[in-house]
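A structural walkthrough
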Amino acid sequence: MTTQESYIRSVYKVVFFIEKNYAENLTLEELSTVAGFSKYHFHRIFKSVMGENVGDYIRKIRLQSTIVKFKMDKNITQIAMESGYETNASFSKAFKKRFGFTPREFAKKLEIKKGAVMVTPKIVETEPINVLFVRARGEYMSSADTAWKKMVEYITKHNLFLDVAIRYGISHDNPNVIEAENLRYDACVEFKEKLPNIEGEIAHKQIAGGKYAVFTHKGAYAKLGETFAEIGTWIVTNGIALRDEPQVQKYMNLDPTTLQEEDLRTEIYVPII
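Report follows, based on the coordinates.

Analysis parameters
- Residues numbered from 1 in each chain as written.
- Predicted model: local features only at pLDDT ≥ 70, side-chain atom pairs only at ≥ 80, totals over all residues.
- Heavy atoms only, no water.
- Helix = DSSP H or I, 4+ residues; strand = E, 2+ residues; numbered from the N terminus.
- Buried < 20%, exposed > 50% of the residue type's maximum accessible area, 1.4 Å probe, protein only.
- Contact = heavy atoms within 4.5 Å.
- Areas by Shrake-Rupley, 256 points an atom, 1.4 Å probe, with all protein chains shown as cover.
- Pairing = 2+ DSSP bridges.
- Salt bridge = Lys/Arg side-chain N within 4 Å of Asp/Glu carboxyl O.
- Polar contact = N/O pair within 3.5 Å; in protein donor to acceptor, adjacent residues only side chain to side chain.
- Phe/Tyr/Trp six-rings, centres within 6.5 Å; stacked < 30°, edge-to-face > 60°.
- Lys NZ or Arg CZ within 6 Å of the ring centre and 35° of its normal.
- Axes fitted to C-alpha atoms, helices over the stretch in contact; angles between N-to-C directions.

On to the overall build of the chain, then. Per the secondary structure count, the chain includes nine helices and eight strands. Across the 273 residues of the chain, 45% fall into the buried class. A separation of at least 24 residues holds for 71% of the contacts in the chain among residues at least 6 apart in sequence. Per element, the accessible surface of the chain, about 14,600 Å² overall, is 51% carbon and sulfur.

This part takes up the pairing of strand E8 (residues 265-271). Counted residue by residue, E8 has six buried out of seven residues, so it is predominantly covered. Taken together, the seven bridges between strand E6 (residues 210-218) and E8 define a ladder with antiparallel strand orientation. Bridging across to E8, Ala213 finds its partner in Val270. Of the pairings in the sheet, the one linking strand E7 (residues 248-251) to E8 comprises four bridges and is antiparallel in character. Across the sheet, residue Gln249 finds its bridge partner in E8, namely Ile268.

Take the pattern of salt bridges next. The full count for this structure, using the stated rule, is 13 salt bridges. In this structure, Lys20 and Glu245 form a salt bridge, with 3.3 Å as the shortest nitrogen-oxygen distance. With a gap of 225 residues between them, Lys20 in helix H1 (residues 3-21) and Glu245 in the loop between helix H9 (224-238) and E7 connect regions that are remote in the sequence. Members of the salt-bridge network, linked through shared partners, are Glu19, Arg135, Asp173, Arg184, Asp186 and Lys205.

Moving on, we get to the side chain of Thr266. With respect to the secondary-structure elements, Thr266 resides in strand E8. When sequence neighbours within four positions are dropped, the list of residues in contact with Thr266 reads Phe215, Thr216, His217, Tyr221, Leu224, Gln249, Lys250, Tyr251 and Met252.

Along the chain, Ser171 falls in strand E3 (residues 164-171). Judged by its relative accessible area of 18%, Ser171 falls in the buried class. Counting along the chain gives 34 residues from Ser171 to Arg137, while the straight-line C-alpha distance between them is 9.9 Å. Contacts of Ser171, omitting those with residues within four sequence positions, involve Tyr140, Arg184, Tyr185, Gln247 and Gln249. Within the local environment of Ser171, its side chain forms a polar contact with the side chain of Gln249, the two groups lying 2.7 Å apart.

This brings us to the packing of aromatic side chains. Summed over all chains, the structure comprises nine aromatic pairs. Note on Tyr12 and Phe16: the rings are 5.8 Å apart at their centroids and 40° apart in plane angle, and the pair reads as tilted. Within this pair, Tyr12 and its partner Phe16 are both found in helix H1, separated by four residues, close to a single helical turn. Owing to a relative accessible area of 8%, Tyr12 belongs among the buried residues under this scheme. Seen in terms of ring centroids, Phe46 and Tyr57 are 5.9 Å apart; in terms of plane orientation they differ by 65°. Their pairing is edge-to-face. Within this pair, whereas Phe46 is found in helix H3 (residues 39-50), its partner Tyr57 is found in helix H4 (residues 54-71), the two being separated by 11 residues in sequence. For the residue pair Phe46 and Tyr57, the accessibility class agrees, reading buried in each case. Aromatic ring contacts, followed pair by pair, group Tyr12, Phe16 and Phe133 into a single cluster. Stacked on the ring of Trp148, the Lys or Arg Arg167 has its end atom at 4.8 Å from the ring centre.

One open sheet holds the eight strands; their spatial order is E1-E6-E8-E7-E3-E4-E2-E5, and the pairing between them is antiparallel. Looking at which strands have only one partner, the edges of the open sheet turn out to be strand E1 (122-126) and strand E5 (203-207). Direction aside, neighbouring strands of the sheet carry axes that sit 35° apart on average. Looking at chain direction, E3 and strand E4 (residues 184-191) are connected through seven bridges and run antiparallel. Looking at the pairing, Tyr168 lines up with Cys188 of E4. Running over the sheet, helix H8 (residues 140-157) touches strand E2 (129-137), E3, E4 and E7 and is turned about 35° from E4.

With that settled, the discussion passes to the pairing of E5. Judged by which residues are buried, E5 turns out to be one-sided: Ala203, Lys205 and Ile207 face inward and are buried, whereas His204 and Gln206, on the alternate face, are not. In this sheet, E5 lies alongside E2 in antiparallel orientation, the contact comprising five bridges. Bridge assignment links Ile129 to a residue of E5, and that residue is Ile207.

Put into structure tokens, the structure is as follows:
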């Protein structure tokens, strides 16, 4: 493993730790320990890999998490406390600075959307899924393309095509509230048997098990955003309680290059309580 690969792997550990523990009082000492770096070098290495400093990243993840909590019909005080803010005032100030409107204004926008009708999804319970993944950042069609190219290069290099079971994609951020260059996308692959060894930017992770509402998207990946918008309306209209996990795209076609766009099928798993 090269030094660069080691740095990337270590920063990924911190990123995943932040994404799971964003509501806690995360200290520089704690995060540098997770990374395995001296706290004096941690900031520089994190910013070099992620393109932003660790404090800004934590604030972004906290605010991004609040969007889902609003859809869970929680009040603003609950959301502020659960997202790591000590007061409503500090939360409201950060929210408006990030998104351009106050939490109350956003809550009203969600209320206006109620009333739409959508096909009822199927409800399933799943076990955790161990996958190999690579993350890319940027506008989703671009970042997904980048991530899958890296994954295909790895699979080709190690002759693993026959071992692939299912492909998944995880779009972590809402493109309506997060800048396009900061959108996070994970290209994930489940294998028929044990996971292969990792190298470079390729890493292991686990897709959470539990209860999901599953919707089927038919057609081009470029139009997935339309289905996500409909799912958002379904969540609000029906008062659905969500788990604090990202939605997962399960690609039903292992090799989409062999099909016409209208024949592509994607299942979207929405984590619910």
